[in-house]
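Structural overview
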Amino acid sequence: MEQQSQDTLFELQVDYEAGAHLKEGVKWAQFIGIMLIVLTAIAAFVLLIAFIALAGVSTFSQGIRESAFSTNASFISIMLLIPMVIGMFIGGIWLFRFATRCRQGINNQDQQSFNAGLMALRNYFILYGILSILGTVGSLLQLIPF
Amino acid sequence: MEQQSNSPINNLFDLQINEESKQLLLTITKWARIIAILAFISPAISVIKVIIPASRTGNADMIGYQLGGSIVGILVVSIVSIILNVFLYRFATSTAESLQTMSQESFNKGANNMRLYFKMLGILIIVALSLAVLFIFIMLIAVGIGAGMRS
């Protein structure tokens, strides 16, 4: 126990300054999380309407070859957008969780909540990182002339 | 003030960066650095993506016209994106450094950069949403005027 108290003197702490920065940071992170959840819900609704509309066009234009091709291309675009929207939605939930848990941890000096908040932030950054890598690879592939 | 931040007695009641939080922060800083670096690269890819199709047209006037409009847009987005991701990169490097050297000053610097990153991102979202609402409003007015002129 005494050893543990000694150790804390040399460990990094969320002191007054870091706590103040983190509190303001999580306030903005919470706002961003809520915005991500709301905007992706709207985007999902728009995609659903586009999907239904395209399904209607597809059955109407089955005989016309060119039109059917462009409809298929639109279908593929929507299919590629769906995982992106789902990813952003999950990211929003993690960011919101980071904000609420971290704030709870700082306000109540609760180490468990603080670590739970950091875990949510880690998940958010991993997801965002994977989406960024996929986005960059996609952009690079577009540069290759076919 | 000293009592608030540096007193050893106070430290016993502060939140600690224990082994679990240290491991979590290490992963966070690793991915934050990857995201920031990719964000620094992407403006260059965007410029190349604009230049290649424009140069295929062959017409010098057309190239100038196409590049002018696109590059201004890319430049604005790129500058904003780079400033935003500088905060993310600084957060990653300062926090990683603090975990290695146990420097409280670097840790606080990292926390400050994380605050600035989320704050700037939040403000950008507010600006983008405001512009989108303004655009929809202008479009509705334009459609209304167009319908009024036809009837």
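Whatever comes next refers back to the structure up there.
Residues numbered from 1 in each chain as written. Chains lettered and ligands numbered in written order. Predicted model: local features only at pLDDT ≥ 70, side-chain atom pairs only at ≥ 80, totals over all residues. Heavy atoms only, no water.

**Some remarks on the overall build of chain B**
Heads up, the rule is: The way it works is that DSSP assigns letters per residue, a run of H or I at least four long becomes a helix, a run of E at least two long becomes a strand, and they are numbered from the N terminus. In this scheme, a residue with accessible area under 20% of its type's maximum is buried, one over 50% is exposed, and one in between is partly exposed, where area comes from a 1.4 Å probe on protein chains only. What makes two residues a contact is simply this: any of their non-hydrogen atoms within 4.5 Å.
Within chain B one finds five helices and one strand. Counting every position in chain B, which comprises 151 residues, the buried fraction comes to 34%. For chain B, restricting intrachain contacts to residue pairs at least 6 apart in sequence, the fraction spanning at least 24 positions comes to 65%.

**Description of the layout of surface pockets**
Here is the rule: Cavity means a closed set of points on a 1 Å grid over the protein atoms alone, one where a 1.4 Å probe fits but cannot get out, pocket means an open set with protein on both sides within 12 Å along at least 5 of 7 lines, and lining means a residue has an atom within 4 Å of a point. Grid points are joined across faces, edges and corners, and a volume is the space filled by probe spheres set on the points. Nonpolar residues are Ala, Val, Leu, Ile, Met, Phe, Trp, Tyr, Cys and Pro. Charged residues are Asp, Glu, Lys and Arg, and all others, Gly as well, are polar.
Its boundaries defined by the atoms lining it, the largest pocket holds a volume of some 1,300 Å³. As for the largest pocket, its lining consists of 42 residues, and the residues nearest its centre are A:M88, A:Y128, A:S132, B:L84 and B:L121. Of all the secondary-structure elements, those providing two or more residues to the lining of the largest pocket are α2 (16-60), α3 (65-108) and α4 (111-143) of chain A together with α3 (19-57), α4 (60-101) and α5 (104-150) of chain B. No other element matches the ten residues that α4(A) contributes to the lining of the largest pocket. Of the residues that constitute the lining of the largest pocket, the class distribution is 28 nonpolar, 14 polar and no charged.

**Here's the deal with the interface of chain A and chain B**
Put simply, the test is: Salt bridges are defined as contacts in which a side-chain nitrogen from Lys or Arg sits within 4 Å of a carboxyl oxygen from Asp or Glu. Identification of polar contacts relies on pairs of N or O atoms within 3.5 Å, with a donor-acceptor requirement for protein atoms, meaning one able to donate a hydrogen and the other able to accept it, and with residues adjacent in sequence counted only if both atoms are side-chain atoms. Two strands qualify as a pair provided DSSP detects at least 2 bridges between them.
Opposite the 48 residues of chain A that make contact, chain B presents 49 residues. A salt bridge links B:R115 to A:E24; the nearest nitrogen and oxygen atoms lie 3.1 Å apart. Counting across the interface, chain A meets chain B through 15 residue pairs in polar contact (both at pLDDT 80 or more). When residues of the side of chain A that touches chain B are traced back to their parent elements, those giving at least two are α1 (2-10), β1 (13-14), α2, α3 and α4 of chain A. Sort the elements by how many residues they give to the side of chain A that touches chain B and α4(A) lands first, with 19 residues. For the side of chain A that touches chain B, the per-class residue count stands at 28 nonpolar, 14 polar and six charged. As defined by bridge partners, β1(A) adjoins strand β1 (residues 15-16) of chain B across two bridges and the pair is classed as antiparallel. Paired with A:V14 across the two strands is B:L15, which belongs to β1(B).

**Quick word on a nonpolar patch on the surface**
Worth spelling out the cut-off: Within this analysis, patches are made of residues with over 30% relative accessible area and no salt bridge. Like charges are joined at 9 Å or less; nonpolar side chains (Val, Leu, Ile, Met, Phe, Trp, Tyr) at 5 Å or less. In short, Shrake-Rupley with a 1.4 Å probe defines the accessible areas, and a residue's cover is counted only from the protein chains shown.
On the surface, a cluster of nonpolar side chains totalling about 670 Å² of accessible area is made up of A:I34, A:V38, A:L39, A:I42, A:F45, A:V46, A:I49 and B:L129. For the nonpolar patch, the leading source of residues is α2(A), giving seven residues. Topologically, A:I34 is positioned in helix α2.

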